[in-house]
Amino acid sequence: PDWIVDDPGAVVARGAGWPIPRPVPPERTLAVVLSSGSSGGRPRGVRLSRAAFVASARASEANLGWRPGDRWLLGIPLSHVGGLSVLVRALLARRPVVLEDDRPFDPERLVRSLEVGGASIVSLVPAQLARLVDRAPPPGLRAVLLGGAAAPPAQLAEAADRGWPVLTTYGLSEACSQVATQRPGTTNRGELGVGRPLPGVEVRIAAEEIQVRGPTLFDGYHPGGPSPFLEGG
């Protein structure tokens, strides 16, 4: 049977006459995802509200846009904030997502998924792209969002030479995925960084830190601890 989850702990079977579940308030935590522990410590739970997910999706849409017939191939795990955010973007835009299965990464299978699924956008990490760049990109592919790690300039140059529409991106769990992403149509051969901050997101470098402010930020760590926010957000 299908199921509806309403309040925490209350699960009811779906059927005729059941009320539609109440919307999640914008300020309420929608998901807790684990950080990568990039600050040198152990991974921590990152509390992300519904409002943060929506703001992140809107910022991504303002940068990348949607075209008629767009499909997003999800080639990264749903347990990662980048993968989970793809579902939210597609849901808000009423666009389909093409899901890769959970078998080990296979470049031939991914290319087939792009072609058969008619995907025009795909999210990848540099290790995946490294195994794809010796192939021609499928027709109709208009954007490869590449993040999760630094991409070697030689890899980006080869991808550009072969026509892969790579847009490098920088983000983190605490900012609900993307912070800065290149604009569509950018040809990056490794010299252009990760582009400008997305609309509504502010970035500065201070005290040798990347500091981010905006509506996509998380609410804090789970199960708690010192506040990670500076004065002024």
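Peer 1: Please explain the overall build of the protein as it appears in this structure.
Peer 2: What the protein contains, in helices and strands, is 5 helices and 14 strands. Per-residue burial over the protein gives 40% buried out of 233 residues. In the protein, the share of contacts with a sequence separation of at least 24, taken over all contacts with a separation of at least 6, comes to 49%. Of the roughly 13000 Å² that the protein leaves accessible, carbon and sulfur atoms contribute 56%.

Peer 1: Which parts of the structure should I look at to understand the sheet that holds strand β10 (residues 177-181)?
Peer 2: Ordered by their spatial adjacency, 7 strands build an open sheet running β6-β5-β7-β8-β9-β10-β11, and the pairing between neighbours is mixed. One side of each edge strand has no neighbouring strand; the edge strands of this open sheet are β6 (97-99) and β11 (196-197). Across 2 bridges, β10 lies against β11 in antiparallel orientation. Within the sheet, the bridge partner assigned to A180 lies in β11 and is P197.

Peer 1: Explain the pattern of salt bridges here, please?
Peer 2: Pairing between side chains becomes possible if they bear opposite charge and their charged atoms approach one another. Taken as a whole and judged by the stated rule, the model has 8 salt bridges. Across the pair R109 and E100 runs a salt bridge, and its minimum N-O distance is 3.7 Å. Of the residues examined, R109 reaches a relative accessible area of 11% and is grouped as buried. A salt bridge links E202 to R213, with the shortest nitrogen-to-oxygen separation between them at 3.1 Å. Taken together, the positions of E202 in strand β12 (residues 202-206) and R213 in strand β13 (residues 209-213) put the pair 11 residues apart, joining distant regions of the chain. Owing to a relative accessible area of 44%, E202 belongs among the partly exposed residues under this scheme. Within this structure, E108, D134 and R135 form a network of salt bridges that share partners.

Peer 1: How should the nonpolar core be read in this particular structure?
Peer 2: Nonpolar side chains in soluble globular proteins tend to end up buried together. With 18 residues, the main nonpolar core has L73, L114, V122, L124, V144, W164 and V166 as its most contacted residues. Within the residue set of this core, elements represented by two or more residues are α3 (107-117), β7 (121-124), β8 (143-146) and α5 (153-161). Among the elements that make up this core, the one with the highest residue count is α3 (3 residues). Those residues in contact with V122 that lie beyond four places of it in its chain are W72, L73, L114, L141, A143, V144 and L145. The next biggest cluster of nonpolar side chains, apart from the first, holds 12 residues, and it includes V33, V46, L48 and V81.

Peer 1: It is not clear to me how the pairing of β10 should be interpreted in this structure. Could you clarify?
Peer 2: Remark: a regular strand shows side chains that alternate across the two faces of the sheet. Burial analysis of β10 places 5 of its 5 residues in the buried class, the great majority of the element. The pairing of strand β9 (residues 166-172) with β10 spans 4 bridges and is classified as antiparallel. Bridging across to β10, Y170 finds its partner in A180. Adjacent in sequence and paired antiparallel, β9 and β10 are bridged by 4 residues, among which C176 carries a positive phi angle near 55 degrees.

Peer 1: Which parts of the structure should I look at to understand the side chain of S120?
Peer 2: In this structure, S120 sits in the loop between α3 and β7. In this structure S120 comes out as buried when scored by relative accessible area, which is 6%. In this structure the side chain of S120 is engaged in a polar contact, spanning 2.5 Å, whose partner is the side chain of D70. Residue contacts for S120: discarding those within four places in its chain leaves D70, R71, G140, L141, R142 and A143.

About the thresholds
- Residues numbered from 1 in each chain as written.
- Predicted model: local features only at pLDDT ≥ 70, side-chain atom pairs only at ≥ 80, totals over all residues.
- Heavy atoms only, no water.
- Helix = DSSP H or I, 4+ residues; strand = E, 2+ residues; numbered from the N terminus.
- Buried < 20%, exposed > 50% of the residue type's maximum accessible area, 1.4 Å probe, protein only.
- Contact = heavy atoms within 4.5 Å.
- Areas by Shrake-Rupley, 256 points an atom, 1.4 Å probe, with all protein chains shown as cover.
- Pairing = 2+ DSSP bridges.
- Salt bridge = Lys/Arg side-chain N within 4 Å of Asp/Glu carboxyl O.
- Core = buried A, V, L, I, M, F, W, Y, C linked by side-chain atoms within 4.5 Å.
- Polar contact = N/O pair within 3.5 Å; in protein donor to acceptor, adjacent residues only side chain to side chain.

Purely geometric numbers; function is a separate question.
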